[in-house]
Amino acid sequence: MSTIYSTAKICDYHRTKVCNLTLEPDLTRILRTSRDYGELAHVWKQWRYKSGRRIRDHYRLFVNIANKAAKLNGFDNMGDMWLYPYESDTFRQDVGELWEQLKPFYQQLHAYVRRKLREKYGEQHISQRGPIPAHLLGNMWSQSWGEIYDLLIPYPGKTSVDVTPNMKTKGYTPRRMFELSEEFFVSLNLTRMPPEFWEHSIIEKPKGRELICHASAWDFCNGKDFRIKQCTDVTMTDLITVHHEMGHIQYYLQYKHQPNVFRAGANPGFHEAVGDVLALSVATPKHLQKIGLLDNVEEDNEADINYLMSIALDKITFLPFGYLMDLWRWGVFSGKTKEENWNCAWWDLRYNLQGIKPPVRRSEYDFDPGAKYHIPANVPYVRYFVSFVIQFQFHKALCMKAGQYDPLDPSKPLHKCDIYQSTEAGNALGDMLQMGSSKPWPDALEALTGTRKMDASIIREYFKPLEVWLTENNERHQEFVGWEGENDFCSSDSPARHEPVGEPSSGAAVSPGLLVVVLMAFLLQQTHQ
Ligand code: X8Z
Ligand code: ZN
């Protein structure tokens, strides 16, 4: 399944003879930069045709084997086994409650984005009260929407915090992005990367061979070999991902003295949160200015709203996706979601939680969950939801230690805090990381934050000015908050059932001559794979 996913290639929308487009960097770039409704729909659909759809049969077999393994380990199914590291009988319920607390804010953001996209693409594509088409959100899975910030910026005349253009003009390279990240860790009195890291990591996509490009960090468990593999593109999003991956390595380094069994995160969500916490400081306009990536930084309410919008488009939009990936798999592994309904159950969740819809009809011939890396690679996902909640708790605690946040001082709000060079903050973080998984996670959380529970109120506090602004903005424009109707886009008995087994049409008008070309490209590609 991983091989199908990682080697899938599709044809270009405009140049139909070019059929070697890969997810990273080609399709990611198109999703990020194209504002052509037809091109985006083509890429969205073809990716799912070349990845998910071809994975479906394998996944059927896989669910059986995975559940057998889980049973041998004493669990009812693989979904239950995945929750073991969270050490709580109420974990599913706790996560559900966190989502309920965050939902009203997500819905305000969703309503604003739908209005702006309606202005851009027109009422024929985006309705007043319905879900948003999934291919217009700047990301292949609509999991975070920061790449369409340019369409959504609240005050266009003010500081724009997308530093991708500046990174390019300043000649940034993947190596420099990793060095920048290392320097931040070192500034906190945390650990430098060992020489082996620089020697063995892969930080650029190699030419002439296939690679699983999805970024990952590796602990070789010998105390000195730690590596990252990332097909880094010079963009701000990838700069944040570099920090994310470096956070994993930092955790490995901090707990390397622990016995093997405790060399893990306090729970999987902790591991995902470390680098993201640093990135919350790195992304502040003041910090970007300090490192020469932003020129002028205004200090007023409008600039603040612009900044909070950019962060919310990465963090708040992610929450329902971070939750539904495993909601879907819990249903599949437990058997509550039947195989004949796998894809439509996926779209029920996408509709209900995210308020999105596919650009084209879906059927049970499709397997859209399989078009997202963590499904074929079998990586549990609720860890990211947990991370996106607790990273704000970590951030708050570290900012207090750094003297950068004071709940009683309005000049020091949480979203402006930059913990750079604070050894107090770094030492507190290091102390928690060194525990690895040797104590129950609430102990680790308490050691850093003073509380033993996941708490969604900190995110609400961080984004408070934006939530107020969005609520007022949606009211002023009389935008309907939430979504209704238009959820009849997936059925087990759809026309897609009768599609030929070969290439489906791209949605654009296709001449017979072109069909021959497409067919030949398809056949050629088959012989080369
Ligand atoms: O998979 C990742 C990391 C590796 S642990 C790059 N992330 C999730 C994703 O890409 O879907 C980070 C955020 C969510
Ligand atoms: Zn990660």
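Cut-offs and rules
Positions within a chain are numbered from 1, following the residues in the order the chain's sequence is written. Labels follow written order: the first chain is A, the first ligand is 1, and so on. Side-chain atom pairs in this predicted model are given and counted only at pLDDT of 80 or more, local residue features only at pLDDT of at least 70, and totals for whole chains, interfaces and linings cover all residues. The side-chain numbers reported here are obtained from all heavy atoms of the structure, hydrogens and water having been left aside. The helix count covers DSSP runs of H or I at least four residues long, the strand count covers runs of E at least two residues long, and both are numbered beginning at the N terminus. Any two residues whose heavy atoms approach within 4.5 Å at even a single point are treated as in contact. Each reported salt bridge corresponds to a side-chain nitrogen of Lys or Arg within 4 Å of a carboxyl oxygen of Asp or Glu. When a residue's accessible area, from a 1.4 Å probe over protein chains only, is under 20% of the maximum for its type it is buried; when over 50% it is exposed; and in between it is partly exposed. What is meant by a nonpolar core is a set of buried Ala, Val, Leu, Ile, Met, Phe, Trp, Tyr and Cys residues, joined one to another through side-chain atoms within 4.5 Å. pLDDT: the predictor's confidence for each residue, scored from 0 to 100. In this description, a donor is an N, O or S atom within 2.8 Å of the metal centre, a cutoff extended to 3.2 Å for sodium, potassium and calcium. Water is not part of the atom list, which can make sites seem incomplete. Geometry of aromatic contacts follows a simple scheme: Phe, Tyr and Trp rings, the Trp one being its six-membered ring, pair when their centres are within 6.5 Å, and the pair is stacked under 30 degrees between planes, edge-to-face over 60, tilted otherwise. Ring-over charges, as used throughout, are those where CZ of Arg or NZ of Lys falls within 6 Å of the ring centre and within 35 degrees of the ring normal. In a helix, the anticipated span is given by 1.5 Å times the number of residues less one. Residues are labelled near a given molecule or strand when at least one of their non-hydrogen atoms is within 4 Å of it. Polar contacts, as used here, are pairs of N or O atoms within 3.5 Å; protein pairs need one atom able to donate a hydrogen and one able to accept it. Residues neighboring in sequence count only if both atoms are side-chain atoms. For the accessible areas, the method is Shrake-Rupley and the probe is 1.4 Å, while residue cover comes only from the protein chains on display. When residue character is reported, Ala, Val, Leu, Ile, Met, Phe, Trp, Tyr, Cys and Pro are called nonpolar, Asp, Glu, Lys and Arg charged, and the others, Gly included, polar.

Caption draft 1: View of the environment of Q289. Within the fold, Q289 resides in helix α13 (residues 285-290). When sequence neighbours within four positions are dropped, the list of residues in contact with Q289 reads L294, D295, N296 and V297.

Caption draft 2: The pattern of salt bridges, seen in detail. Scanning the model with the defined rule gives 34 salt bridges in all. For R92, the salt bridge is made with D80, and the minimal N-O distance between the two is 3.1 Å. With R92 in helix α6 (residues 91-121) and D80 in helix α5 (residues 78-82), this pair connects stretches of sequence that are twelve residues apart. Among the ionic pairs, E119 bridges to R115, the shortest N-O distance being 2.7 Å. In this pair, E119 and R115 both sit in helix α6, four residues apart, roughly one turn of the helix. R115 gets classed as buried once you look at its relative accessible area, which sits at 9%.

Caption draft 3: Molecular detail of the nonpolar core. If you look at the biggest cluster of nonpolar residues, it comprises 158 residues, and the most contacted ones within it are Y59, V113, L117, F270, W328, F463 and L466. Beyond its immediate sequence surroundings of up to four residues, L117 is in contact with G122, I126, I132, L136, L137, I148 and L151.

Caption draft 4: Local environment of the confidence of the model for the protein chain. The share of residues in the protein chain with pLDDT of 70 or more is 93%, and the mean pLDDT across the chain is 93. Predicted confidence for residues 494-502 stays below pLDDT 50, and this span has twelve contacts to residues more than four positions away or in other chains.

Caption draft 5: Main features of the coordination of the zinc ion (ligand 2). Distances from the zinc ion (ligand 2) to its protein donors, H244 (NE2), H248 (NE2) and E272 (OE), fall at 2.0 to 2.1 Å. Written as a sequence motif, the donor residues of the zinc ion (ligand 2) are H-x3-H-x23-E. In this pair, H244 sits in helix α11 (residues 236-254) while E272 sits in helix α12 (residues 268-282), placing the two residues 28 residues apart along the sequence. When sorted by exposure, H244 lands in the same class as E272, which is buried.

Caption draft 6: Summary view of the packing of aromatic side chains. Applying the stated rule across the entire model yields 39 aromatic pairs. Seen from their ring centres, Y112 and W469 are 5.4 Å apart, and the 75 degrees between their planes marks the pair as edge-to-face. Of this pair, Y112 sits in helix α6 while W469 sits in helix α21 (residues 464-476), and the two are 357 residues apart along the sequence. One Lys or Arg, R92, reaches over the ring of W330 and ends 4.8 Å from the middle of that ring.

Caption draft 7: Geometry of helix α9 (residues 174-187). Its 14 residues give α9 an end-to-end C-alpha distance of 20 Å, which sits within 8% of 20 Å, the value for a rise of 1.5 Å per residue. For α9, every residue scored as buried is listed here: P174, M177, F178, L180, S181, E182, F184, F185 and S187. Looking at the residues trailing α9, positive phi occurs at N189, about 70 degrees.

Caption draft 8: The site of ligand 1, seen in detail. In the vicinity of ligand 1, the contacting residues are Q143, H214, A215, H244, E245, H248, E272, F318, K372, H374, Y381 and Y384. Contacts to ligand 1 include Y384, whose side-chain N or O atom sits 3.2 Å from an oxygen atom. In isolation ligand 1 exposes 370 Å². Once the protein is present, 83% of that is buried. It is α11 that provides the largest number of residues to the shell around ligand 1, a total of three residues. Counted by class, the shell around ligand 1 contains four nonpolar, five polar and three charged residues.

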